[in-house]
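# Coordinate analysis (summary)
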Amino acid sequence: MATGDVTISVAVAGGITKSVVLDSATRVLSRANVAENDAEIDTDAEWQVLEVNKLANVILAQANSQAQAAASWTPKTFTAAS
C-alpha cells in the first residue's frame, strides 16, 4: 500500500475481515467529486466520515428492506360511510 491509498474493511465480530484497497488517485478523484457537491467536506477526515456513513447506510437499508419483506401483517381497513 502506498501513501494516500485507502483501505475499506468490513469485519464481523468473531469472524474474519474482508478488505479492498483503492489507490491514492482514486481517493483524490472521489474527494474532488465530493467537494464539488458538498463544500463542507474538504479534508480526508471529513471525507472518511462521509464514505463510512454511506456504506453503513447501504447495509442498514438492505437489512431494513429484508426485515420489511419478511414481515407479515394484515392491512387495516374500514367500511366507508354511506
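Residues numbered from 1 in each chain as written. Predicted model: local features only at pLDDT ≥ 70, side-chain atom pairs only at ≥ 80, totals over all residues. Heavy atoms only, no water.

The helix and strand inventory of the protein stands at two helices and two strands. When the helices and strands of the protein are placed in sequence order, the string is β-β-α-α. Computed over its C-alpha atoms, the radius of gyration of the protein comes to 21 Å, more than 25% above the 12 Å expected for a compact globule of 82 residues. C-alpha atoms of the protein, sized along the principal axes, occupy 70 × 40 × 15 Å. Taking all 82 residues of the protein together, 7% fall into the buried category. Put simply, 7% of the contacts in the protein that link residues at least 6 apart link residues at least 24 apart. Charged side chains in the protein number 5 positive and 9 negative. The centres of these two groups are separated by 13 Å. (Helix = DSSP H or I, 4+ residues; strand = E, 2+ residues; numbered from the N terminus. Rg over C-alpha atoms; globule rule 2.2 N^0.38 Å. Buried < 20%, exposed > 50% of the residue type's maximum accessible area, 1.4 Å probe, protein only. Contact = heavy atoms within 4.5 Å. Lys, Arg positive; Asp, Glu negative; His and termini not counted. Charge placed at Lys NZ, Arg CZ, Asp CG, Glu CD.)

A word on a nonpolar patch on the surface. A cluster of nonpolar side chains, contributed by I8, V10, V20, L22, L55 and I59, occupies part of the molecular surface with about 440 Å² of accessible area. With respect to the helices and strands, I59 occurs in helix 2 (residues 44-70). (Patch = residues over 30% accessible without salt bridge, like charges linked within 9 Å, V, L, I, M, F, W, Y side chains within 5 Å. Areas by Shrake-Rupley, 256 points an atom, 1.4 Å probe, with all protein chains shown as cover. Salt bridge = Lys/Arg side-chain N within 4 Å of Asp/Glu carboxyl O.)

Considering all chains together, one arrives at three salt bridges under this definition. With a closest N to O distance of 3.0 Å, D44 and R27 form a salt bridge. Highlighted residues: D44 in helix 2 and R27 in helix 1 (residues 24-37), separated in sequence by 17 residues. For D44, a relative accessible area of 33% puts it in the partly exposed group.

Here the focus is the confidence of the model for the protein. Caution applies to low-pLDDT parts of the model: their predicted coordinates are not meant to be read in detail. Of the residues in the protein, 94% reach a pLDDT of 70 or more, and the chain-wide mean stands at 88. Mean pLDDT values over the elements of the protein span from 88, in helix 2, up to 96, in strand 2 (residues 17-22). (pLDDT = per-residue confidence, 0-100.)

Moving on: the pairing of strand 1 (residues 6-11). Looking along a regular strand, one sees side chains alternate from face to face of the sheet. In this sheet, strand 2 lies alongside strand 1 in antiparallel orientation, the contact comprising six bridges. Bridge pairing in strand 2 links I8 to V20. Counted between consecutive antiparallel strands, the loop separating strand 1 from strand 2 contains five residues, among which G14 sits at a positive phi close to 80 degrees. (Pairing = 2+ DSSP bridges.)

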